Structures are given as structure tokens and as C-alpha cells.
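# Secondary and tertiary structure notes
Here is what each chain is made of, one letter per residue.
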Amino acid sequence: MINDKDNSTPFYRGVKTYVLRKGRMTPAQNRDYADLSPVWCIPFENKKINLLDVFGNANPVVVEIGFGMGSATAEIAEKNPDINYIGIEVHTPGVGKLLGEIKKRDLKNLYIIEHDALEVLEEMIVDEAVSGFHIFFPDPWPKKRHHKRRLVQRPNTDLFVRKLSSKGYIYFVTDWFEYAEFALAELNATQGIHNKYEMFAETQKWRPETKFEKRGIDASRCIAELFFEKD
């Protein structure tokens with residue numbers, strides 16, 4: 001096992017930050033997945049992709065890790081046509097749903113990679129190519145023995161920084177306050193980035209409310225946000 005606090009080493013591939021949950025796909029999601037994934041899904045490969053070739057332009061590229069059912073992802077992409085987006089997700093129903101939104105909204109600036117996000121970043125994305133990371137309501141893994149599965153911690157955060165371009169950002173939102181405190185400490189310990197705010201961030205006005213956020217609010221949980229920028 002590698003030293004997880006050594007930012008010169010890659011992430012530990014043996015620890016997954018997710019569990020594949022079986023989810024029933026609706027007929028529409030099945031249809032959109034079959035018809036649209038060949039067009040808007042980038043297959044995982046152990047080689048770097050040329051983002052200029054993918055999007056056909058040199059606009060900034062933002063990566064969202066774990067977009068769920070993709071409603072917020074599609075809305076953000078639609079409102080920001082001059083920014084390119086890559087959504088990474090492992091749950092097929094969500095991929096099918098977002099593919100339907102891409103077609104419905106006629107989006108040209110959003111592609112999907114259906115694979116482990118850390119492997120995608122390590123194997124497919126060149127260094128300093130990403131203008132921002134969106135990590136909205138990831139699995140908090142609340143039990144202490146599962147904290148090693150949390151996405152926002154070193155050395156994963158070191159990998160994010162390596163992929164970020166100058167002045168790029170990491171925007172993290174959770175309804176699990178203990179995870180927010182944990183992530184704040186891990187990001188503060190990550191070299192090459194700084195907190196845009198003293199502690200927790202203001203809600204960015206361009207971020208729409210997600211389904212998970214509404215659930216958290218309905219359950220009277222605090223929504224905590226972090227916004228770090230590359231030095």
C-alpha cells in the first residue's frame with residue numbers, strides 16, 4: 001500500500017470511492033442510453049484524450065465527478081455554452097437520464113465518461129487541462145472505517161490539483177457537516193491550492209439546487225460548501 005500522504009505517488013487504486021448500486025432504468029433512459037451513448041459518451045481508455053478534438057474548441061473544461069441523475073449538470077451546461085463539461089458517473093440510470101437531457105436541451109458542450117473518476121483523471125486527462133472540478137453531494141461514507149473511501153481527501157486532492165490549470169478551482173458541496181470539516185482539513189493540507197474563503201464558501205449563485213440538496217434541507221441538515229483555487 002502506498003503512503004497516502006505522499007503527493008508524489010498516484011492514488012491507491014484498491015480503494016473505491018463508490019459502490020455500484022443496482023438501479024432500474026426507465027424505458028426512456030434505456031432508449032437514450034442505447035441511442036445516445038455512442039455519440040455523447042467517451043469510452044474509457046488507458047490513454048490521454050485530446051480535449052480540443054472532443055469539443056472542437058479550446059474553451060475551458062470543467063469536470064463534474066458523480067453527477068447523479070444529471071439535472072444540475074445539464075442546467076449548468078445549458079447556461080454556460082462557452083464552457084465545456086465532462087460528467088463522470090458510474091451509475092447507468094443517471095447516465096441514461098443525462099443523455100436524455102443532452103438531447104432535449106440540444107447541448108453541444110457536455111460529454112460523459114462512465115467509469116471510475118480517479119482512473120479517468122489519472123489515465124485520460126492530461127495535467128493542467130481542467131479549469132474546475134464540481135463535486136456536489138458525494139457519498140459521505142459516514143462510518144469511520146469507511147472514511148478511506150471518501151473522494152475528497154489526499155492523495156486524491158493532489159491528483160485534482162495536478163489536473164487543474166492555473167487559477168482552476170475545486171468546488172465541493174455536502175449536506176454532511178462532518179465530511180465538510182474533514183474535506184476542509186484535507187484541502188488545506190493539499191499543496192498548490194488555497195481557500196477562496198476563510199472557512200466555508202458562499203453558495204455560488206450559478207449552482208442550481210440538486211435532488212440530494214433538497215433531501216438534505218428537508219432532513220434539516222446543514223449544506224456546507226468549499227471553494228479552493230489553484231495558486
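Residues numbered from 1 in each chain as written. Predicted model: local features only at pLDDT ≥ 70, side-chain atom pairs only at ≥ 80, totals over all residues. Heavy atoms only, no water.

## Quick word on the packing of helix H3 (residues 71-79) against helix H4 (residues 92-105)
The contact between H3 and H4 brings their axes to 9 Å, and the two run at 30°. By the angle between their directions, the pair H3 and H4 is classed as roughly parallel. Every pair of crossing elements has a handedness; the one defined by H3 and H4 is right-handed. Every residue of H4 that contacts H3 at Ser71, Thr73, Ala74, Glu75 and Glu78 is listed here: Leu98, Glu101 and Arg105. Here the residues of the contact of H3 with H4 sort into two nonpolar, two polar and four charged. (Axes fitted to C-alpha atoms, helices over the stretch in contact; angles between N-to-C directions. Helix = DSSP H or I, 4+ residues; strand = E, 2+ residues; numbered from the N terminus. Parallel < 35°, antiparallel > 145°, perpendicular 65-115°, else oblique. Left-handed = near helix turned anticlockwise from the far one by under 90°. Contact = heavy atoms within 4.5 Å. Nonpolar A, V, L, I, M, F, W, Y, C, P; charged D, E, K, R; others polar.)

## Observations regarding the pairing of strand S3 (residues 110-113)
The alternating pattern of S3 places Leu110 and Ile112 on one face and Tyr111 and Ile113 on the opposite face, and all of these are buried. Summarising the sheet, strand S2 (residues 84-88) and S3 pair through four bridges and their orientation is parallel. Along S3, the bridge assignment pairs Ile86 with Tyr111. With H4 bridging S2 and the parallel S3, this β-α-β connection has right-handed handedness. (Buried < 20%, exposed > 50% of the residue type's maximum accessible area, 1.4 Å probe, protein only. Pairing = 2+ DSSP bridges. Right-handed = clockwise from strand over helix to strand, strands pointing away.)

## Quick word on the packing of helix H5 (residues 117-124) against helix H6 (residues 156-163)
Orientation of H5 relative to H6, taken along the N-to-C sense of each, is 40°, at an axis distance of 11 Å. When the interaxial angle is binned, H5 and H6 end up oblique. The two elements H5 and H6 cross, and the hand of that crossing is left-handed. Each of Leu118, Leu121 and Glu122 in H5 lies in contact with H6, whose residues at this interface are Asn156, Leu159, Phe160, Arg162 and Lys163. Among the residues forming the contact of H5 with H6, the class breakdown is four nonpolar, one polar and three charged.

## A word on the confidence of the model for the protein chain
Overall, the predicted model of the protein chain reaches an average pLDDT of 92, with 90% of residues at or above 70. The low-confidence segment residues 1-12, where pLDDT is below 50, has 23 contacts with residues more than four positions distant or belonging to other chains. (pLDDT = per-residue confidence, 0-100.)

## Digging into the nonpolar core
Counting residues in hydrophobic clusters, the biggest one holds 61 residues, and the most contacted among them are Ile65, Phe133 and Phe160. In terms of residue count, the dominant contributor to this core is strand S5 (residues 164-174) (six residues). Leaving out residues up to four positions away in the same chain, Phe133 has contacts with Val63, Ile65, Leu121, Phe160, Lys163, Leu164, Tyr169, Ile170 and Tyr171. (Core = buried A, V, L, I, M, F, W, Y, C linked by side-chain atoms within 4.5 Å.)

## Points about the pattern of salt bridges
Under the criterion given, the structure shown has 15 salt bridges. Where Lys47 meets Glu45, a salt bridge forms, and the shortest distance between an N and an O atom there is 3.9 Å. For Glu45, a relative accessible area of 35% corresponds to the partly exposed category. (Salt bridge = Lys/Arg side-chain N within 4 Å of Asp/Glu carboxyl O.)

## Focus: the packing of aromatic side chains
Overall, the coordinates contain ten aromatic pairs when judged by the stated rule. Measuring from centroid to centroid gives 5.3 Å for Phe136 and Tyr171, while their planes differ by 80°, and the two rings are edge-to-face. With a gap of 35 residues between them, Phe136 in strand S4 (residues 130-136) and Tyr171 in strand S5 connect regions that are remote in the sequence. Relative to Phe227, the ring of Tyr169 has its centre 5.0 Å away and its plane inclined at 15°; by these criteria the two rings are stacked. With Tyr169 in strand S5 and Phe227 in strand S7 (residues 224-230), the pair connects residues that are 58 residues apart, well separated along the chain. This pair shows no difference in class: Tyr169 is buried, exactly as Phe227 is. Three or more aromatic residues link up through ring pairs in this structure, and these residues are Phe136, Tyr169, Tyr171, Trp206 and Phe227. We note Arg149 situated over the ring of Trp141; from NZ or CZ to the ring centre the distance is 5.2 Å. Lys196 extends its terminal NZ or CZ atom over the ring of Phe227, reaching a point 5.2 Å from the ring centre. (Phe/Tyr/Trp six-rings, centres within 6.5 Å; stacked < 30°, edge-to-face > 60°. Lys NZ or Arg CZ within 6 Å of the ring centre and 35° of its normal.)

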